[in-house]
Amino acid sequence: MPVPAGLVVLVGPPASGKTSFVRALIARQQIDADAVVSSDEIREAAAHFSFA
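Below or above, wherever it landed, is the structure these notes cover. Keep in mind that this is a model prediction, so the values were computed, not measured.

Focus: the overall build of the protein
Move 1: Regarding its fold elements, the protein presents two helices and zero strands.
Move 2: A buried classification covers 4% of the 52 residues belonging to the protein.

Shown next as structure tokens:
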């Protein structure tokens, strides 16, 4: 069954299961791992960005 395109944002306190939920969806092949963007990845990329 095709899944409509869109954006889903998971928000919650630390250790509430956000990452586990996404990993379970990937394991069940309900979403592609390449479709997941983590705020950790964005923070890491921003840390190496130079504004000069």
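Quick word on the layout of surface pockets
Move 1: Taken as a whole, the largest pocket spans an internal volume of roughly 1,100 Å³.
Move 2: Forming the boundary of the largest pocket are 26 residues, of which V8, L10, V22, V36 and V37 lie nearest the centre.
Move 3: It is helix α1 (residues 18-27) that provides the largest number of residues to the lining of the largest pocket, a total of seven residues.
Move 4: Here the residues of the lining of the largest pocket sort into 15 nonpolar, six polar and five charged.

So, a nonpolar patch on the surface
Move 1: Residues L7, V9 and V11 make up a contiguous nonpolar surface patch of about 390 Å² in total accessible area.
Move 2: Locating V9 in the fold gives a position in the segment before α1.

A few points about the environment of V37
Move 1: When you line up the elements, V37 lands in the loop between α1 and α2 (39-47).
Move 2: The spatial distance from the C-alpha of V37 to the C-alpha of V9 is 9.7 Å, given a sequence separation of 28 residues.

What counts and what doesn't
Sequence positions are assigned chain by chain, starting from 1 and proceeding in written order. Totals for whole chains, interfaces and linings use every residue, but because this is a predicted model, local features are given only for residues with pLDDT of at least 70 and side-chain atom pairs only at 80 or more, for both listing and counting. Side-chain figures throughout are based on the complete set of non-hydrogen atoms in the structure, without hydrogens or water. A helix here means a DSSP run of H or I that spans at least four residues, while a strand means a run of E at least two residues long, and both kinds are numbered starting from the N terminus. Relative accessibility decides the category of a residue: with a 1.4 Å probe and only protein chains considered, values under 20% of the type maximum give buried, values over 50% give exposed, and everything between is partly exposed. Here a cavity denotes a set of grid points, spaced 1 Å apart and computed over the protein atoms alone, in which a 1.4 Å probe fits but from which it cannot get out, and a pocket denotes an open set meeting protein on both sides within 12 Å along at least five of seven lines; residues with an atom within 4 Å of a point are reported as lining. Grid points are joined across faces, edges and corners, and a volume is the space filled by probe spheres set on the points. Under this grouping Gly is polar, as are all residues other than the nonpolar Ala, Val, Leu, Ile, Met, Phe, Trp, Tyr, Cys and Pro and the charged Asp, Glu, Lys and Arg. Nonpolar side chains (Val, Leu, Ile, Met, Phe, Trp, Tyr) are joined into patches within 5 Å and like charges within 9 Å, using only residues with over 30% relative accessible area and no salt bridge. All accessibility values rest on the Shrake-Rupley procedure with a 1.4 Å probe; residue burial counts only the protein chains present in the view. We define a salt bridge as a contact between a side-chain nitrogen of Lys or Arg and a carboxyl oxygen of Asp or Glu at a distance within 4 Å.

Coordinates in, geometry out; function isn't part of it.
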